[in-house]
Amino acid sequence: MREFARCLGIDKSVEGETFDLAIVGGGPAGLAAAVYAASEALDVLVIDKVGPGGQAGSSSKIENFIGFPSGISGNELASRSYLQALKFGATFIAPEVVTGLESDDEEGHRLRLESGQIVHARCVLVTSGVTYRQLGIPGCTRFEGAGVYYAATSVESRACADAHAVVVGGGNSAGQAAMFLANSSEHVHLLIRGDDLAKSMSAYLCDRIGNHPRIEVHRNTEVDEVCGGDCVELIRMRNNATGAVTNIECSGLFIFIGARPHTQWLPEDVLLDEKGFVLTGTSFFSDERLRGHWPIDRPPCDLETTRPGILAGGDVRSGSTKRCGFAVGDGSLAVACVHRYLNGLT
């Protein structure tokens, strides 16, 4: 990807530059922080391994984001936010990966990039997001891109136009995908492991799915195998309650079963929870067992990690609600934390 960007002439050198705020990840949280910070005259750098959008960028339609009563695609929201941040003077580099982060009291924070560049920042916001989890069943890896997908946009929906589609997952992303695919598919099968869709999905989506004539919800159900020749032709599913196995002929399997946080590049003194998400603010400071990881006298800001001056927001933050609107809220709150940190918390 980096070589491709170099050939297009869109790669940038930031070697040795110093920024007020370096944002690692260009999802909704990172983009919101870039817009608000740059509009308030902070020198902002956004680093992303692919480009603006993050997980929300692959969403076919976001309907519960304030200000868009008819909904907006994740790609369009990301594009608009990106242009808005550019207008205020933010710097973007992509594709680029942060491989390490070091700090000291005199120089602030140093980010080591995969390209070999070193960037200095007075404050760092970690919005590096997550990676989609796979089912780990026979045939799933083989058919990735040929009927097995982790996003449901107009591109993937063509695979199951006027055919059956299977969506796996019980969260909002799965519900939005099912609704979107039902516009062009003959029938959509939504598979959830539990027995209650409302446990992890917004009420408005549950109602729409329950009333949609082309969507069928299979409760207590998991996929056992993905079958086909050159592409997906059939999935074998099992009912966990009865043990019954059923085959469904389909052209697309869409998987939305959660994700793994991108935190492997963070230093050891940035404390993570048991699932690898970043602990911030009161989530560790209010716990006597964890408070000792905070190295200075003042209490941390709401989004500050156990290393002062390093913040975390969006999906990568422990305890965050995995919704686009909440991620944008984290991004705006992070800028308030950045101002407090840069001003000595006065």
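Above this text you will find the structure in question.
So, here is what we can say about the structure in this document. Numbers given for residues are sequential positions, taken from 1 along each chain in its written order. Confidence filtering applies because this is a predicted model: local features only for residues at pLDDT of at least 70, side-chain atom pairs given and counted only at 80 or more, and all residues used for totals across whole chains, interfaces and linings. In computing side-chain properties, one takes all heavy atoms of the structure into account and sets aside hydrogens as well as water.

**Side note on unusual backbone geometry**
- The omega angle of the peptide bond from Ala94 to Pro95 is -5 degrees, so this bond is cis rather than trans.
- Although it is not a glycine, Asp162 adopts a positive phi angle of roughly 60 degrees.
- Mapping Asp162 onto the fold places it in the loop between helix 4 (154-157) and strand 9 (164-168).
- Any residue under 20% of the maximum accessible area for its type is buried, any over 50% is exposed, and the rest in between are partly exposed; the area is computed with a 1.4 Å probe on protein chains only. Its relative accessible area of 64% is what places Asp162 among the exposed residues.
- We note that Asn220 has phi near 55 degrees; this positive angle belongs to a residue other than glycine.
- Along the chain, Asn220 falls in the loop between strand 11 (215-218) and strand 12 (221-228).
- The exposure class assigned to Asn220 is partly exposed, which follows from its relative accessible area of 24%. Comment: elements are numbered from the N terminus, with helices defined as DSSP H or I runs of at least four residues and strands as E runs of at least two.

**Concerning the sheet that holds strand 14 (residues 245-249)**
- A pair of strands is considered paired only if DSSP assigns at least 2 bridges between the two. One open sheet accounts for three strands, arranged 12-13-14; its pairing is antiparallel. Two strands in the sheet have a free side with no partner beyond their single neighbour: strand 12 and strand 14. Adjacent strand axes in the sheet meet at a mean angle of 25 degrees when their direction is disregarded.
- Bridge analysis of strand 13 (residues 232-239) against strand 14 gives five bridges, and the strand direction is antiparallel. Within the sheet, the bridge partner assigned to Met237 lies in strand 14 and is Thr246. A fitted line through C-alpha atoms serves as each axis, taken over the contacting stretch for helices, and the angle formed by two N-to-C directions is quoted from 0 to 180°.

**Section: the sheet that holds strand 8 (residues 148-149)**
- If you trace the five strands from one edge of the open sheet to the other, you get 8-15-9-10-11, paired in parallel fashion. Single-partner strands in this sheet number two, and they are strand 8 and strand 11.
- Relative to strand 10 (residues 187-191), strand 9 runs parallel, the two being bridged by five bridges. By the bridge assignment for strand 10, Ala165 is matched with Val188.
- Helix-sheet contacts for helix 5 (residues 172-181) involve strand 9, strand 10, strand 11 and strand 15 (252-255), and the interaxial angle to strand 9 is about 170 degrees. By definition, residues are in contact when any of their heavy atoms lie within 4.5 Å.

**Some details on helix 2 (residues 28-39)**
- When the terminal C-alpha atoms of helix 2 are compared, their 16 Å separation across 12 residues agrees well with the 16 Å that a helix rising 1.5 Å per residue should span.
- With 10 of its 12 residues buried, helix 2 lies for the most part within the structure.
- Restricting attention to buried positions, one finds in helix 2 the residues Pro28, Ala29, Gly30, Leu31, Ala32, Ala33, Ala34, Val35, Ala37 and Ala38.
- The inward-facing, buried residues of helix 2 abut strand 1 (18-24), strand 2 (44-47), helix 3 (74-87), strand 3 (91-93), strand 6 (118-126) and helix 8 (324-342).
- Residue Ala41 follows helix 2 closely and has a positive phi angle near 70 degrees. In this scheme, a helix's expected span is set at 1.5 Å multiplied by one less than its residue total.

**So, the packing of helix 2 against helix 3**
- Between helix 2 and helix 3, the least distance of the axes is 9 Å, while the angle of their chain directions is 25 degrees. Classified by the angle their axes make, helix 2 and helix 3 are roughly parallel. The chirality of how helix 2 crosses helix 3 is left-handed. Facing Leu31, Ala34, Val35 and Ala38 of helix 2, the residues of helix 3 in contact are Ala78, Ser81, Tyr82, Gln84 and Ala85.
- Three classes are used, and their members are as follows: Ala, Val, Leu, Ile, Met, Phe, Trp, Tyr, Cys and Pro are nonpolar, Asp, Glu, Lys and Arg are charged, and the others, Gly among them, are polar. In the contact of helix 2 with helix 3, the residues fall into seven nonpolar, two polar and no charged. Oblique is the label for every angle not falling under 35 degrees (roughly parallel), over 145 degrees (roughly antiparallel), or within 65 to 115 degrees (roughly perpendicular). Helix crossings fall into two classes, left-handed where the near helix is turned counterclockwise from the far one by less than a right angle and right-handed where it is turned clockwise.

**Considerations on a positive patch on the surface**
- Patch membership is restricted to residues that have no salt bridge and whose relative accessible area is over 30%. Joining uses 9 Å for like charges and 5 Å for the nonpolar side chains Val, Leu, Ile, Met, Phe, Trp and Tyr. In these tables, accessible area is a Shrake-Rupley quantity obtained with a 1.4 Å probe, and a residue counts as shielded only by the protein chains included in the view. Whenever a carboxyl oxygen of Asp or Glu lies within 4 Å of a side-chain nitrogen of Lys or Arg, that contact is scored as a salt bridge. Think of it this way: Lys and Arg go in the positive column, Asp and Glu in the negative one, and His and the chain ends go nowhere. The atom standing in for a charge is NZ when the residue is Lys, CZ when it is Arg, CG when it is Asp and CD when it is Glu. Together, Lys49, Arg133, Arg260, Lys275 and Lys322 give the surface a local cluster of positive charge.
- Its location among the elements puts Lys49 in the loop between strand 2 and helix 3.
- The exposure class assigned to Lys49 is partly exposed, which follows from its relative accessible area of 44%.

**A short note on the nonpolar core**
- Counting 25 residues, the largest nonpolar core has Leu21, Ile23, Val44, Leu125, Leu311 and Val338 as its most contacted members.
- Those elements that provide at least two residues to this core are strand 1, helix 2, strand 2, helix 3, strand 6 and helix 8.
- Examining the composition of this core, we find that six residues originate from one element, helix 2, more than from any other.
- Among residues more than four places away in sequence, those in contact with Val338 are Leu21, Leu42, Cys123 and Leu311.
- Only buried Ala, Val, Leu, Ile, Met, Phe, Trp, Tyr and Cys residues count toward a nonpolar core, and they belong to the same one when joined by side-chain atoms within 4.5 Å. Among the nonpolar cores identified, the runner-up in size contains 23 residues, and Cys160, Val188, Ile192 and Cys206 belong to it.

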